[in-house]
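Listed below are the residues making up each chain.
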Amino acid sequence: MSRLRGLFFPCLILLLVLCGPARAQDLDAAALAANQRTVLSVSDIHFDPFNTTDTKVPDKLKKSGYTEWYGIYSRSTDKHISGHGKETNFNLFMAALKKMKATCPNPEFILFSGDLLAHHFAGYRSKFSSEEAFHKFIMRTLEFIEYEFQVYFRDTPIIFTLGNNDSYKDYEIAPNGSFLHDTWDLFYSYYIQGKGASGKSAFKNTFLRGGNYSYLPTGSKTNRILSVNSNFFSKKNDHKKQGMEQLKWLQSQLQTARQNKENVWILLHILPGIDVGGTVNSQGKRRDSIKQYWDAEYTDSGGETFLDKFLDLVREYPGVIKGIFSGHTHMDHFRLVFSKDYKPKAFVHITPAISPQFDNNPGFQVLTYDTQSFSVIDVNTYYYNYDKSNWGKEYDFKKAYAKKQYNPQNLEDVHTSILTSRSVRKDFMDYYDVNNPKKSPVTNNNWNAYWCGITELTSSDFEACFP
């Protein structure tokens with residue numbers, strides 16, 4: 001790993017100075033407090049190794065180990081950064097990693113909300129002589145991504161969740177199936193990152209059953225992250241019974257956390273609620289039916305859907321759950337879960353994508369959190385501006401919305417302000433697709449549908465809000 005050593009050791013003295021909890025020039029000064037830390041929040045990389053204008057690169061990659069890929073790309077004639085409507089190529093991936101390192105050089109951990117692989121990766125099957133060769137190439141792609149993260153963030157845990165494209169075929173992860181068996185050791189190394197084999201057996205057991213696992217951030221005895229594989233909640237996955245098992249596992253983990261007086265973050269890829277873009281067009285006209293991200297037809301013996309049971313859990317453990325984090329939409333937004341008497345109990349934070357596939361600008365975020373309460377203090381968003389061909393800071397949640405903390409109560413206030421304030425509404429619309437004014441999904445004609453989607457997570461509630 002010569003590239004890793006070459007980057008890390010000459011910078012060791014510099015990192016001791018710069019890699020504290022936060023950099024003052026980039027983050028709010030409050031992040032320098034002793035009980036606050038910063039983490040990188042990354043989602044939907046969708047790396048496509050064959051997205052290159054150099055026709056010689058694909059064959060070279062197929063014949064080489066993942067540690068050789070950087071050299072192959074670097075010697076290539078292709079220097080372009082993939083643009084809107086395209087998946088992440090090597091140059092965009094490297095540019096994002098460099099900006100992450102410059103912005104937050106020593107995060108406590110990296111929170112990754114799923115989808116490492118390109119959407120159409122299964123379409124590359126014909127380029128390989130056999131299914132086995134294709135699967136091995138997928139493994140090398142996953143190893144390459146981890147390797148490059150290690151180059152820039154040596155020994156930093158990557159707390160990940162599986163996305164719908166993180167498999168041999170989109171959405172088709174099977175409980176105890178071949179993909180989970182082939183990748184469990186690799187994904188375990190993602191979050192251990194040289195910190196020893198503690199918990200490996202427990203990780204293997206839960207990961208093989210369904211892709212779930214539990215993680216205690218370094219040095220913490222009271223904070224826990226529960227990674228839930230939400231693929232089984234999707235209508236496009238054939239293993240619905242496993243989805244109910246995922247929720248039983250989540251319930252048992254939350255119950256244990258309450259007994260142990262722990263604070264919990266829930267990490268999943270496919271968010272709960274309404275797919276507003278799939279339900280309403282840019283003119284604000286409803287399509288044929290209301291589309292949910294999770295299967296709304298499959299129910300357990302008691303007649304409850306995945307969403308019903310998940311919302312029940314969130315309402316049952318409001319003092320335990322300090323945050324829910326997801327990706328999938330490629331956009332920057334949030335959801336709120338309310339109690340039966342309509343008080344905000346939890347937020348779902350949706351991290352924007354590195355991939356510009358859905359005409360969003362590439363983006364990532366730096367979260368500041370309190371190590372004692374596991375509460376999120378602030379969210380800073382950074383993005384790639386195609387017009388200027390550089391990375392910049394888009395906005396700081398605390399400053400943009402004049403709030404002291406990123407919590408359900410303040411997000412409810414933001415939700416209200418989107419309705420009542422044109423300036424706040426414009427900010428929300430701009431931030432949603434990470435500031436791509438050329439093709440914004442939220443328009444003056446349909447913004448109220450997206451506003452309803454923040455709080456109305458069931459089809460009936462959404463229809464009442466947006467008839």
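Each value, and the rule that gives it
Residues numbered from 1 in each chain as written. Predicted model: local features only at pLDDT ≥ 70, side-chain atom pairs only at ≥ 80, totals over all residues. Heavy atoms only, no water. Helix = DSSP H or I, 4+ residues; strand = E, 2+ residues; numbered from the N terminus. Rg over C-alpha atoms; globule rule 2.2 N^0.38 Å. Buried < 20%, exposed > 50% of the residue type's maximum accessible area, 1.4 Å probe, protein only. Contact = heavy atoms within 4.5 Å. 1 Å grid on protein atoms, 1.4 Å probe; cavity = no way out; pocket = protein on both sides within 12 Å on 5 of 7 lines; lining within 4 Å. Points joined across faces, edges and corners; volume = space filled by probe spheres on them. Nonpolar A, V, L, I, M, F, W, Y, C, P; charged D, E, K, R; others polar. Right-handed = clockwise from strand over helix to strand, strands pointing away. Pairing = 2+ DSSP bridges. Core = buried A, V, L, I, M, F, W, Y, C linked by side-chain atoms within 4.5 Å. Disulfide = S-S within 2.5 Å. Phe/Tyr/Trp six-rings, centres within 6.5 Å; stacked < 30°, edge-to-face > 60°. Lys NZ or Arg CZ within 6 Å of the ring centre and 35° of its normal. Axes fitted to C-alpha atoms, helices over the stretch in contact; angles between N-to-C directions. Polar contact = N/O pair within 3.5 Å; in protein donor to acceptor, adjacent residues only side chain to side chain.

Our next topic: the overall build of the protein. When helices and strands are tallied, the protein shows 16 helices and twelve strands. For 467 residues, the compact-globule estimate of 2.2 N^0.38 gives 23 Å, and the protein sits close to it at 21 Å. Its C-alpha atoms put the protein at 60 × 50 × 50 Å along the principal axes. Split into buried and exposed, the 467 residues of the protein put 59% on the buried side. Intrachain contacts of the protein at a sequence separation of at least 6 include 68% that bridge at least 24 residues.

Next up on the list: the environment of T299. For T299, the position within the fold is in the loop between α10 (276-279) and α11 (306-316). A C-alpha to C-alpha distance of 9.0 Å links T299 and K240, two positions 59 residues apart in sequence. Not counting chain neighbours up to four residues away, the residues in contact with T299 comprise M244, E304 and T305.

There is about 960 Å³ of room inside the largest pocket. Contributing to the lining of the largest pocket are 46 residues, with D275, G277, G278, K291 and Y293 lying nearest its centre. Counting only elements with at least two residues in the lining of the largest pocket, the list comes to α10, β8 (333-338), α14 (422-432) and α15 (447-455). Tallied by class, residues from the lining of the largest pocket come to 16 nonpolar, 18 polar and twelve charged.

Right, let's talk about the pairing of strand β6 (residues 263-267) for a bit. Taking burial as the measure, the five residues of β6 include five buried ones, the bulk of the element. Side chains N263, W265 and L267 project from β6 onto one buried face, and the interleaved V264 and I266 project onto a second face that is buried too. Between the parallel elements strand β5 (residues 223-227) and β6, the chain passes through helix α9 (residues 240-259) in a crossover that is right-handed. Pairing analysis gives four bridges linking β6 to strand β7 (residues 321-326), with the strands arranged parallel. Along β7, the bridge assignment pairs V264 with I321.

By size, the foremost hydrophobic cluster in this structure holds 108 residues, and its most contacted members are M100, F149, F160 and F187. Sorting elements by how many residues they give to this core places helix α6 (residues 131-152) first, with eleven residues. Aside from chain neighbours lying at most four places away, what touches F149 is I45, F93, L97, M100, I110, R154 and I158. Of all hydrophobic cores here, the second largest spans 32 residues; its members include L247, F310, I321 and L457.

Moving on to the state of the cysteines. One pass over the full model with this rule turns up one disulfide. Disulfide pairing is shown between C452 and C465; the S-S distance is 2.0 Å. The sign of the -75° torsion about the S-S bond sets the C452-C465 disulfide as left-handed. Of the two residues, C452 is situated in helix α15 and C465 in helix α16 (residues 459-465); the sequence distance between them amounts to 13 residues.

Here we come to the packing of aromatic side chains. Following the criterion strictly, the structure yields 55 aromatic pairs and no others. Here F109 and Y369 contribute two aromatic rings whose centre-to-centre distance is 6.1 Å and whose plane-to-plane angle is 45°, an arrangement assigned as tilted. Of this pair, F109 sits in the loop between α5 (90-103) and β2 (110-112) while Y369 sits in strand β10 (residues 363-370), and the two are 260 residues apart along the sequence. In this structure, F109 and Y369 share a single accessibility class: buried. Between the aromatic rings of F397 and Y401, the centroid separation amounts to 5.4 Å while the plane-to-plane angle is 50°, which identifies the pairing as tilted. Taken together, the residues F397 and Y401, both in helix α12 (residues 397-401) and four residues apart, mark about one turn of the helix. We classify Y401 as buried; its relative accessible area is 12%. Sitting over the face of the ring of F128, K62 holds its NZ or CZ atom 5.1 Å from the ring centroid. The ring of W447 has R425 lying over it, and the distance from NZ or CZ to the ring centre is 4.0 Å.

As a further point, take the sheet that holds strand β3 (residues 158-160). Strands sit in the order β3-β2-β1-β10-β11-β12 across an open sheet of six strands; the sheet is mixed. Both edges of this open sheet fall to β3 and β12 (390-396), since each of them pairs with a single strand only. Along the sheet, successive strands turn relative to each other by an average axial angle of 25°, direction set aside. For β10 and strand β11 (residues 376-385), the ladder comprises seven bridges, and the chain directions are antiparallel.

Looking now at the side chain of T458. With respect to the secondary-structure elements, T458 resides in the loop between α15 and α16. A distance of 3.2 Å separates polar atoms of two side chains, one belonging to T458 and the other to D461. With sequence-adjacent residues up to four places away left out, T458 is seen in contact with I274, Q292, L307 and L311.

A positive phi angle is found at Y171, which is not glycine, with a value near 70°. Here Y171 shows up in the loop between β3 and α7 (178-192). In this model, H328 sits at a positive phi of 80°, which is unusual for a non-glycine residue. Mapping H328 onto the fold places it in the loop between β7 and β8.

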